[in-house]
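# Descriptive analysis of the structure
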Amino acid sequence: MDHFPIFLAVQGRHIVVSGGGEAALAKLRLLLKTTARITVYAAEALPALTDLAAEGRLTLVDRALAPGDAADAALFYAANDDAKEDARVASFARADGALVNWVDNLEESAFITPAIVDRDPVTIAIGTEGAAPVLARAIKADLEARLSPTLGLAARIGKGFRAAADALPMGRKRRDFWAEYYSDIAPQTIEKEGEAGLVPALATLLDRHLSGTASPGRVDLVGAGPGDPELLTLKARRLLDRADVVIHDRLVSPAILELARREALLVDAGKTGFGPSMAQQEICRLMVAHAAEGAHVVRLKGGDPSVFGRLDEEIAALDGAGLDWSVVPGVTAASAAAAQIGQSLTKRDRNSSLRVLTGHDMQGFAEQDWRGLARPGTVAAIYMGARGARFIQGRLMMHGAAPETPVTAVENASRPDARVIATSLARLPADLDTAAAQGPVILLYGLAPRAAQAALPLLQEEFA
Ligand code: SAH
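Remember, predicted model here, so these are calculated numbers, not experimental data.

The rules behind the values
- Residues numbered from 1 in each chain as written.
- Predicted model: local features only at pLDDT ≥ 70, side-chain atom pairs only at ≥ 80, totals over all residues.
- Heavy atoms only, no water.
- Pairing = 2+ DSSP bridges.
- Helix = DSSP H or I, 4+ residues; strand = E, 2+ residues; numbered from the N terminus.
- Axes fitted to C-alpha atoms, helices over the stretch in contact; angles between N-to-C directions.
- Buried < 20%, exposed > 50% of the residue type's maximum accessible area, 1.4 Å probe, protein only.
- pLDDT = per-residue confidence, 0-100.
- Contact = heavy atoms within 4.5 Å.
- Salt bridge = Lys/Arg side-chain N within 4 Å of Asp/Glu carboxyl O.
- Core = buried A, V, L, I, M, F, W, Y, C linked by side-chain atoms within 4.5 Å.

We now examine the sheet that holds strand β8 (residues 218-223). Spatially, the five strands line up as an open sheet ordered β10-β9-β11-β8-β12, and their pairing is parallel. Each edge of the open sheet is held by one strand with a lone partner, namely β10 (265-268) and β12 (324-328). For this sheet, the mean angle separating the axes of adjacent strands, direction not counted, is 15°. Here six bridges tie β8 to strand β11 (residues 296-301), and the two strands are oriented parallel to one another. In the sheet register, Val-219 faces β11, and the bridge partner there is Val-297.

Okay, here's the thing in structure tokens:
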């Protein structure tokens, strides 16, 4: 290790920067997070810098650095984007006794600035001794995604509660208390009640740990998105990482289930839509039973839980059992399918509304406002519509929809095996038969893939 990572006390101390351009600004973005006093020497400065000076966040001296300027500086940055000037000011600052960083010059620097993940008071410094800045950035991005943005707040409030928590015996008991606070209680409380709820929540948690009562279970109803694991929300990832039990739909892709904690119990509630499936009642019973035993249950649903997800029945069951729950939205199939064909779901001068419908419901093929749907320019995302394609086509044409209206069926949207079937209302059932899709299919009624759109006038002639 040629560079030893430390955390330097800078509160109220002086940090001096030489330079008024991009290099200086980049360093200042980091330095301004500290409680140090900052002075910038620059004969010429970017407007962003003069703005910061006007806001009183730093002192801007509009001349080049001179001997003595860094006399009381804890740290000095030579950031002029100009090697000659950097060499000049670095030697002055060294003579003044400051620790010198010469931006982008490892050999001439007494210290280097790491990539920083900031969840103050939790800070993570990442350094590669100049070997691989790209790698440092990748690690930073990874950590940024993994750590809740509210972690710093939780740590700040937690710090103030340490003395109270000392009522718990040292060791395992105290560790369990803090582990539950940071992994569950803090994020949930901040989300529901904001910062103000944290201290009362800590007090309740402490009471529970002092009396030795088991932690109550909970259920998070989480959207898994359309299949691509990268389309999971950060929140969904974090919850999967912590869940004791994951009850998932058939639509949830194996790549996503991989992300569940290794010890988690995975329950396949496989609803195939038409084939055999676990009854809704049984799913509700399972969720309640596991949570009642203290488990953290993630009910993982394809797409967004609020879109044809029978969410209300599950929430009613949880409320009935007096269990805590939350809903985490996900990317719905319609969004994924639209992305797949490069189209937007709404468009000025085409459709100012989007209809979201199901091809079939509990009673069978679903009736809709066919007259409205048949109007030119209408766009609808039809879930579970493939099997009812002939019925949908018949109803729409009966109500006057043009046979050449574009319809795009997207199978396995967002997945590696995605398939786009661009067709028209007239040819929809036949083209779907030919395609013989095995995966989930969504119909985008009124939309053609962007690429095929150019060919549409031809299509219309065919039906003229
Ligand atoms: N809650 C889900 C929808 C559940 S209903 C969501 O928001 O996406 C199940 C239907 O969703 C399927 O029949 C299909 O029409 C659609 N669907 C789900 N995932 C899909 C995918 N990856 N590609 C295409 N359609 C999908």
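After presenting the structure, the write-up continues.
Turning next to the pairing of strand β17 (residues 406-411). By the criterion of burial, β17 is predominantly enclosed, with six of the six residues buried. Side-chain alternation along β17 places Pro-406, Thr-408 and Val-410 on one buried face and Val-407, Ala-409 and Glu-411 on a second face that is also buried. Here β17 pairs with strand β18 (residues 419-424) via six bridges, running antiparallel. Following the sheet pairing, Val-410 is matched in β18 by Val-420. With five bridges joining them, β17 and strand β19 (residues 441-445) adopt antiparallel strand pairing. Bridged to Val-410 within β19 is Ile-442.

Now for the confidence of the model for the chain. Keep in mind that low pLDDT regions are not for reading the predicted coordinates in detail. The pLDDT averaged across the chain works out to 92; a share of 96% of its residues lies at or above 70. Here residues 458-464 is modelled with pLDDT under 50, and outside its nearest four sequence neighbours on either side it reaches 10 contacts, counting other chains as well.

This brings us to the pattern of salt bridges. Where charged atoms from two side chains of opposite charge come close, those side chains can pair. Summed over all chains, the structure comprises 28 salt bridges. The partner of Lys-301 in a salt bridge is Glu-314, with the nearest N and O atoms 3.2 Å apart. Of the two residues, Lys-301 sits in strand β11 while Glu-314 sits in helix α12 (residues 311-320), which places them 13 residues apart along the sequence. Residues Lys-301 and Glu-314 agree in their burial class; the two are buried. With a closest N to O distance of 2.8 Å, Glu-313 and Arg-310 form a salt bridge. Using a relative accessible area of 36% as the deciding quantity, one classes Glu-313 as partly exposed. Linked by salt bridges that have partners in common, Lys-192, Arg-218, Asp-220 and Asp-324 make up one network.

Within the largest apolar cluster, 22 residues are counted, with the highest numbers of intra-cluster contacts made by Ile-15, Val-17, Leu-28, Ile-38, Val-40 and Leu-58. Taken together, the elements giving at least two residues each to this core come down to β1 (14-18), α1 (22-31), β2 (37-41), α2 (47-54) and β4 (73-78). For this core, the element with the highest residue contribution is α1, accounting for five residues. Beyond its immediate sequence surroundings of up to four residues, Leu-28 is in contact with Val-17, Ile-38, Val-40, Leu-49 and Leu-58. Judged by nonpolar contacts, the second largest core, of 21 residues, contains Leu-373, Ala-401, Leu-432 and Tyr-445.

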